[in-house]
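Structural description and commentary
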Amino acid sequence: SHSIIVYVISLSLGLILSMGLFINSFEFSLLKWLDTVVYHDVYIQHKLNSIKNPISIPESDTKKFKTLNDNYSLHTISRLNLFWNNQPIQLRVIDSLNSTPFFYKVAPKTNLGTFDVLISESFSQKHGLKQDDDLSLVGATSKKLNVAGIIYDYTSEFGQVIANRDILDINLPYHGLA
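What counts and how
- Residues numbered from 1 in each chain as written.
- Predicted model: local features only at pLDDT ≥ 70, side-chain atom pairs only at ≥ 80, totals over all residues.
- Heavy atoms only, no water.
- Buried < 20%, exposed > 50% of the residue type's maximum accessible area, 1.4 Å probe, protein only.
- Helix = DSSP H or I, 4+ residues; strand = E, 2+ residues; numbered from the N terminus.
- Pairing = 2+ DSSP bridges.
- Polar contact = N/O pair within 3.5 Å; in protein donor to acceptor, adjacent residues only side chain to side chain.
- Contact = heavy atoms within 4.5 Å.
- Phe/Tyr/Trp six-rings, centres within 6.5 Å; stacked < 30°, edge-to-face > 60°.
- Core = buried A, V, L, I, M, F, W, Y, C linked by side-chain atoms within 4.5 Å.
- Salt bridge = Lys/Arg side-chain N within 4 Å of Asp/Glu carboxyl O.
- pLDDT = per-residue confidence, 0-100.
- Patch = residues over 30% accessible without salt bridge, like charges linked within 9 Å, V, L, I, M, F, W, Y side chains within 5 Å.
- Areas by Shrake-Rupley, 256 points an atom, 1.4 Å probe, with all protein chains shown as cover.

1. Remarks on the pairing of strand S6 (residues 145-151)
Most of S6 is tucked away: six of the seven residues are buried. As paired elements, strand S4 (residues 116-120) and S6 share five bridges and run parallel to each other. Paired with Leu 118 across the bridge in S6 is Gly 149. Inspection of the sheet shows strand S5 (residues 134-135) paired to S6 by two bridges, in the antiparallel sense. In the strand pairing of S6, Asp 134 is matched with Asn 146.

Okay, here's the thing in structure tokens:
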């Protein structure tokens, strides 16, 4: 009976130690991920905005933010729901692919050019696209685009194409400011 008590206490201490290590490891991983993904101090969007149904920030509000002081940099995000090969996708347009950190599954071979795009892993899998494939997005741009890299991004089950704002043939409102 004495050996059973020692065994139970040893097992309990081992489990407590293991859980402590697991929690510490999880906390470290989460903080590292947040530091990489949430790289802006503030993110502003319309209170009804969502990934599937983007609602733009009123242009008057955007102008107010742009006229504030120069002690910060303003990054814009726009979203456009499109169809590609008869399936819904989302085009996410940002100011510069080179100034935004991403979690790469397949990293670009060089600095990203104007007509380079990144695609999400889910987009790559659903449509069979890989690095260096060509892509066209009818309804957003007439330019031929190049898949420069593949990122981990699970915000849209439809898959995303992330592009520089300069490629657009249309004027998209801002759905987020950071």
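What follows picks up the thread again.
2. Topic: the side chain of Ser 78
Here Ser 78 lies in strand S1 (residues 76-84). Judged by its relative accessible area of 0%, Ser 78 falls in the buried class. Here Arg 165 takes part through its side chain, which lies 3.0 Å from a polar atom of the side chain of Ser 78. In this structure Ser 78 touches Leu 91, Arg 92, Val 93, Arg 165, Leu 172, Pro 173, Tyr 174 and His 175, once residues within four positions along its chain are discounted.

3. A look at the packing of aromatic side chains
Enumeration over the complete set of coordinates arrives at two aromatic pairs. Here Trp 84 and Phe 123 contribute two aromatic rings whose centre-to-centre distance is 5.4 Å and whose plane-to-plane angle is 45 degrees, an arrangement assigned as tilted. Of this pair, Trp 84 sits in strand S1 while Phe 123 sits in helix H3 (residues 121-127), placing them 39 residues apart in sequence. For Phe 123, a relative accessible area of 0% corresponds to the buried category.

4. Concerning the nonpolar core
Residues Leu 91, Ile 119, Phe 123, Leu 135, Leu 137 and Val 161 are the most contacted members of the largest nonpolar core, which totals 21 residues. Of all the secondary structure elements, the ones that give two or more residues to this core are S1, strand S2 (87-94), S4, S6 and strand S7 (160-164). Contact partners of Leu 137, with chain neighbours within four places excluded, come to Leu 82, Trp 84, Ile 89, Leu 91, Leu 145 and Val 161. Core analysis: the next-biggest nonpolar cluster, separate from the first, contains nine residues, Leu 97, Leu 118, Ala 148 and Ile 162 among them.

5. A word on the pattern of salt bridges
Under the definition given, this model contains seven salt bridges. Among the ionic pairs, Lys 105 bridges to Glu 121, the shortest N-O distance being 3.0 Å. With Lys 105 in strand S3 (residues 104-106) and Glu 121 in helix H3, the pair connects residues that are 16 residues apart, well separated along the chain. One salt bridge in this structure joins Lys 109 and Asp 132, with 2.6 Å as the shortest N-O distance. Of this pair, Lys 109 sits in the loop between S3 and S4 while Asp 132 sits in the loop between H3 and S5; the two residues are 23 residues apart in sequence, bridging distant segments of the chain.

6. Digging into the environment of Pro 88
Looking at the secondary structure, you find Pro 88 in strand S2. Separated by 71 residues in sequence, Pro 88 and Gly 159 have C-alpha atoms that sit 8.2 Å apart.

7. Side note on the confidence of the model for the chain
The predicted model of the chain averages 83 in pLDDT, with 91% of residues at 70 or higher. The lowest-confidence element of the chain is helix H1 (residues 2-37), averaging 77 in pLDDT; the highest-confidence one is S6, averaging 95.

8. Regarding a nonpolar patch on the surface
Residues Ile 4, Tyr 7, Val 8, Leu 11 and Leu 15 make up a contiguous nonpolar surface patch of about 520 Å² in total accessible area. Among the secondary structure elements, Leu 11 is positioned in helix H1. Leu 11 sits in the partly exposed class, given a relative accessible area of 43%.

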